[in-house]
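Listed here are the chains, written in short residue letters.
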Amino acid sequence: MDEIFSGHFHAERPKLIPCPGRDIVLDRPKVMGILNVTPDSFYDGGCYKVLDKALTRAEALVQEGADIVDIGGESTRPGAQNVSIQEELDRVVPVVEAISHHLNIAISVDTSAPEVMLASVKAGAHLINDVRALQRPGALQVVAQAKVPICLMHMRGEPSNMQQSPCYRQVVDEVALFLEDRLWHCEQAGIERTRCIIDPGFGFGKTLEHNLALMRNLEEFKSFNVPIMVGVSRKSMIGFILNRMVEDRLVGGVVLGLIAVLKGASIIRTHDVWQTIDAIQMCEAVYSDPEKICAEYVESVY
Ligand code: 9MG
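All chains use their own residue numbering, which begins from 1 and follows the written sequence. With the structure being a predicted model, the display of local features is reserved for residues of pLDDT at least 70 and the display and counting of side-chain atom pairs for 80 or more, all residues being used for whole-chain, interface and lining totals. Side-chain descriptors were evaluated using all non-hydrogen atoms of the structure, hydrogens and water having been removed beforehand.

## Quick look at the overall build of the protein
What counts, and what does not: Each helix is a run of DSSP H or I of at least 4 residues and each strand a run of E of at least 2, with the numbering of both proceeding from the N terminus. Our radius of gyration looks at C-alpha atoms and nothing else; its globule reference is 2.2 Å times the residue count to the power 0.38. Working definition: with a 1.4 Å probe on protein chains only, accessible area under 20% of the residue-type maximum means buried, over 50% means exposed, and in between means partly exposed. Residue contacts are defined here by distance: any two heavy atoms, one from each residue, within 4.5 Å place the two residues in contact. Where accessible areas are quoted, they stem from the Shrake-Rupley method and a 1.4 Å probe; at the residue level, only the protein chains shown are allowed to cover. Charge counting treats Lys and Arg as positive and Asp and Glu as negative, with His and both chain ends excluded. Charge placement uses NZ in Lys and CZ in Arg. For Asp and Glu, CG and CD serve respectively.
The number of helices and strands found in the protein is 11 helices and 10 strands. Here the protein has a C-alpha radius of gyration of 19 Å; the compact-globule value for 302 residues is 19 Å, and the two agree. Considering only C-alpha atoms, the protein reaches an extent of 55 × 50 × 45 Å along its principal axes. For the protein, the proportion of its 302 residues judged to be buried stands at 51%. Contacts in the protein between residues at least 24 apart in sequence constitute 70% of all its contacts with a sequence separation of at least 6. By element, 54% of the accessible surface of the protein is carried by carbon and sulfur atoms, the whole surface being about 14500 Å². The centroid of the 29 positive side-chain charges in the protein is displaced by 3 Å from the centroid of its 40 negative side-chain charges.

## Remarks on a nonpolar patch on the surface
What counts, and what does not: For patch building, the residue pool is restricted to those with more than 30% relative accessible area and no salt bridge; the joining distance is 9 Å between like charges and 5 Å between nonpolar side chains (Val, Leu, Ile, Met, Phe, Trp, Tyr). The salt bridge criterion pairs a side-chain nitrogen of Lys or Arg with a carboxyl oxygen of Asp or Glu, the two atoms within 4 Å.
Residues Phe 240, Ile 241 and Leu 242 make up a contiguous nonpolar surface patch of roughly 320 Å² in combined accessible area. Relative to the assigned elements, Ile 241 resides in helix H8 (residues 236-242). Residue Ile 241 is classed as partly exposed on the basis of its relative accessible area of 49%.

## A short note on the sheet that holds strand S9 (residues 229-231)
As a reminder, the rule being used: The pairing criterion is simple: DSSP has to find at least two bridges between the two strands. To obtain an axis, a line is fitted to C-alpha atoms, over the contacting stretch when the element is a helix, and the angle between two such axes runs from 0 to 180 degrees between their N-to-C directions.
Spatial strand order, S8-S7-S6-S5-S4-S3-S10-S9: 8 strands in an open sheet with parallel pairing. Each edge of the open sheet carries a strand with a single partner, namely strand S8 (196-199) and S9. With strand direction ignored, the average angle separating the axes of adjacent strands in the sheet is 25°. Where strand S5 (residues 106-110) lies against strand S6 (residues 127-130), 3 bridges are found, and the strand directions are parallel. Within S6, the residue paired with Asp 110 across the bridge is Asn 129.

## Quick look at the pairing of S8
The line we're drawing: With its strands directed away from the observer, a crossover is right-handed exactly when the path from the first strand over the helix to the second travels clockwise.
Side chains Cys 196 and Ile 198 of S8 all project onto a buried face; the interleaved residues Ile 197 and Asp 199 project onto the opposite face, where all are buried too. The pairing of strand S7 (residues 150-153) with S8 spans 4 bridges and is parallel. Residue Leu 152 lies in a different strand from S8, and its bridge partner there is Ile 198. Between the parallel elements S7 and S8, the chain passes through helix H6 (residues 171-189) in a crossover that is right-handed.

## As for the pairing of S6
Burial of the side chains of S6 extends over both faces: Leu 127 and Asn 129 are buried on one face and Ile 128 and Asp 130 on the other. Between S5 and its parallel partner S6, the chain crosses via helix H4 (residues 114-123), and the hand of that crossover is right-handed. Here 3 bridges tie S6 to S7, and the two strands are oriented parallel to one another. Note on S7: the bridge partner recorded for Ile 128 is Ile 150. Each parallel crossover has a hand, and the one from S6 via helix H5 (residues 139-146) to S7 is right-handed.

## Remarks on empty space enclosed by the protein
Operational definition: Put simply, the grid is 1 Å and covers the protein atoms alone, a cavity is a trapped set of points that fit a 1.4 Å probe, a pocket is an open set with protein on both sides within 12 Å along at least five of seven lines, and lining residues have an atom within 4 Å of a point. Grid points are joined across faces, edges and corners, and a volume is the space filled by probe spheres set on the points.
Applying the stated criterion to the full structure yields 1 cavity of 30 Å³ or more. By volume, the largest cavity amounts to about 30 Å³. Residue lining of the largest cavity: Val 232, Ser 233, Gly 253, Val 254, Gly 257, Ile 268, Arg 269, Thr 270 and Thr 276, and that is the complete set. Of all the elements in the fold, those that place two or more residues in the lining of the largest cavity are helix H9 (250-262) and strand S10 (267-270).

## With respect to the side chain of Thr 276
Convention followed: Residues adjacent in sequence count toward polar contacts only when both atoms are side-chain atoms; beyond that, a polar contact is any pair of N or O atoms within 3.5 Å, and within protein one must be able to donate a hydrogen and the other to accept it.
Counting through the fold element by element, Thr 276 comes out in helix H10 (residues 273-287). You can call Thr 276 buried: its relative accessible area is 4%. Reaching out from Thr 276, the side chain makes a polar contact with the backbone oxygen of Asp 272 at a distance of 2.6 Å. Sequence-distant contacts of Thr 276, that is, excluding residues within four places in its chain, are made with Val 31, Val 254, Ile 268 and Thr 270.

## A few points about the nonpolar core
Among soluble globular proteins, nonpolar side chains are generally buried collectively. Inclusion rule: To form a nonpolar core, buried Ala, Val, Leu, Ile, Met, Phe, Trp, Tyr and Cys residues must be joined to one another through side-chain atoms within 4.5 Å.
With 76 residues, the main nonpolar core has Ile 71, Ile 99, Leu 134, Phe 221 and Val 230 as its most contacted residues. Sort the elements by how many residues they give to this core and H6 lands first, with 8 residues. For Phe 221, the residues in contact, after removing those within four places along its chain, are Val 172, Val 175, Ala 176, Leu 179, Ile 198, Pro 200, Leu 214 and Ile 228. Counting 11 residues, the second largest nonpolar core, distinct from the first, contains Ile 17, Ile 24, Leu 127 and Ile 267.

## Overview of the packing of helix H3 (residues 85-102) against H4
Convention followed: For classification purposes, an angle smaller than 35 degrees is called roughly parallel, one larger than 145 roughly antiparallel, one from 65 to 115 roughly perpendicular, and anything else oblique. The sense of a crossing depends on the near helix, which, turned anticlockwise from the far helix by less than a right angle, makes the crossing left-handed and, turned clockwise, makes it right-handed. Three classes are used, and their members are as follows: Ala, Val, Leu, Ile, Met, Phe, Trp, Tyr, Cys and Pro are nonpolar, Asp, Glu, Lys and Arg are charged, and the others, Gly among them, are polar.
Interhelical geometry of H3 versus H4 gives an angle of 15° and a closest axis separation of 9 Å. Relative to H4, H3 is oriented roughly parallel. Relative to H4, H3 is oriented so that their crossing is right-handed. On H4, the residues touching Ile 85, Glu 88, Leu 89, Val 92, Val 93, Val 96, Glu 97 and Ser 100 of H3 are Glu 115, Val 116, Ala 119, Ser 120 and Ala 123. Tallied by class, the residues present in the contact of H3 with H4 amount to 8 nonpolar, 2 polar and 3 charged.

Read these as layout, nothing more, since geometry by itself doesn't imply function.
Here it is in structure tokens:
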């Protein structure tokens, strides 16, 4: 058991994601804090209040130790409806501008719209997180031109219908096949593989059984030799297993995030930043060189 944990914690992972002006160095697992600017988050339609609140939340994420902030203007929850491009631009771009001026943190934008990708990069975003894996017309070209890293996520269907009886013959193989195909399209479009991140898309067109199979077999995705991102925080798979409401799913999310790291994930996308960092650090302390860890601890105490 011990070897399984230490082996995974020290498993070979890609070391760097090149990014103009802000390379993402994967010297340890990175934590991406979630900043939603949708009506079901703190978005209230009043421009200044939204910006203020978004900036306050981003500051809190930085304080907690987040490496990346992921800004999303389109709700991708099960049952969510599409938003117009203009609405998404209005929600996201001012927040990207404000964060890039005021805070020192890598900025990711969670969008599938090429117009939003382009405007966000111009406004200071460093990375694109696309739950539709650049399948919208023009998206591949925008990311190729911008030369920013891209997270390609697997989703079956659309948020509005994805949880209506999702069905796979072999979920791990089918998700892997999809990601391989999207990586191929990226390379054809001129997006270097070193800029790509893959994500199996927990909860996106998957039953509890599918999600558990993906987590159990997450190490299989290491064979792509690109960083793996995982987002499980507060998702319904935790609710099903623990019978917890959204606000009480922190422990379940942190544990799943840690399992993902042990199985080779390089980036954990979460609402609960400091708790996730603490869990990773405790695991690192147990499985790192004891002399180094103890020397660091003594220094920090005295
Ligand atoms: C936007 N979004 C919501 N959940 C996500 C997940 O699990 N992964 C990624 N990449 N994005 C997500």
